[in-house]
Each structure stands twice: as structure tokens, then as C-alpha cells.
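# Architecture and fold: a report
Spelled out from the first residue to the last, the chains are:
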Amino acid sequence: LSRSHGPAQAVVKQPLRGTPGRTTITAIVQTRGDWSTGLFSVCRDRRICFCGLFCPMCLECDIARHHGECLCWPLLPGSTFALRIGTRERHKIRGTLCEDWLAVHCCWPFSICQVARELKMRASQLYEIYAAPSTKDNLI
């Protein structure tokens, strides 16, 4: 299995017959790279910071929901480690299992906040654009 190491490109789908005026743009963002924020960049998102400080289990439940896991997932041993690795692998973030282990076991609340910020930032980078119908679209 080989992977392309070129820069990420936006994929554009042209309007199809029967869907005039709709152009879908899917952005494929950051297929490789580092975490968007550092492990200790807790103030980059105040909501995540406060949630991670006062109720880290709630934040971890939200991360588990994002990954399609049940809400009791964070109660299982090793779940934070698995969620962090899953996020890193899904978004092709550089790192090692050793780095993940150290982040989770030495800086647990910071690790949860970093994963939550990453998922929030990546979710906000995908979007859809709806264009107004033009006369050209009506002629198809």
C-alpha cells in the first residue's frame, strides 16, 4: 500500500443534472503533519480548556462520541490512549506510540484537551457551498 506524499488538494464536484445551482466543495485538509496545537496550548479554546479542567471525563465522552464509541468508553482502562491514537491515525498526524503514551499517562487532562481541539479544528475545516442558480445551469 503506497500513499502519496504530495500536498493536500481540494476536490471539487461539478453540479449534476437535476441539481442546478449546487456546487459541493469538499476540502481535504492536512493529510500529514503535526498536531494543530501543542499539548499545553490549553487557552487556544476556552470552552475545551474549562471542560478539560473541571470535567475531563465529560470531554473524553464527547471525543468517544465523535469516534462513534459508546459514552461508557472512557471508563475502560486505556481508552484515552486508544482515542488519541485513533485521532492521530485518522488524521495522519505525525507521532509515535511512545509520545502518545507519555502524553496520556503524564499529562492526561492536557492530552484530552489537545485531542478535543484537534477534532474541533478539523471538523470546522470541512464545508459545503451552495451557489445561486445561473441561466447556464437551466440549459443543461
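Everything in this summary refers to the structure shown in the same document. (Residues numbered from 1 in each chain as written. Predicted model: local features only at pLDDT ≥ 70, side-chain atom pairs only at ≥ 80, totals over all residues. Heavy atoms only, no water.)

Attention shifts here to empty space enclosed by the protein. Enumeration over the complete set of coordinates arrives at 1 cavity of 30 Å³ or more. Considered as a void within the structure, the largest cavity measures approximately 40 Å³ in volume. Taken together, Glu 60, Ile 63, Thr 80, Leu 83, Arg 84, Ile 112 and Val 115 form the lining of the largest cavity. Contributions of two or more residues to the lining of the largest cavity are made by α2 (56-66), α3 (79-90) and α5 (108-123). At 3 residues, the largest contribution of residues to the lining of the largest cavity is made by α3. The residue inventory of the lining of the largest cavity, partitioned by class, reads 4 nonpolar, 1 polar and 2 charged. (1 Å grid on protein atoms, 1.4 Å probe; cavity = no way out; pocket = protein on both sides within 12 Å on 5 of 7 lines; lining within 4 Å. Points joined across faces, edges and corners; volume = space filled by probe spheres on them. Helix = DSSP H or I, 4+ residues; strand = E, 2+ residues; numbered from the N terminus. Nonpolar A, V, L, I, M, F, W, Y, C, P; charged D, E, K, R; others polar.)

Relative placement of two packed helices is described by the angle separating their axes and the distance separating the axes. Following both chains from N to C, one finds α3 and α5 inclined at 35°, their axes separated by 10 Å at the closest point. Crossing hand, α3 versus α5: left-handed. Between α3 and α5, the contacting residues are Thr 80, Arg 84 and Thr 87 on the first element and Trp 108, Ser 111, Ile 112, Gln 114, Val 115 and Leu 119 on the second. Per-class residue counts for the contact of α3 with α5 are 4 nonpolar, 4 polar and 1 charged. (Axes fitted to C-alpha atoms, helices over the stretch in contact; angles between N-to-C directions. Left-handed = near helix turned anticlockwise from the far one by under 90°. Contact = heavy atoms within 4.5 Å.)

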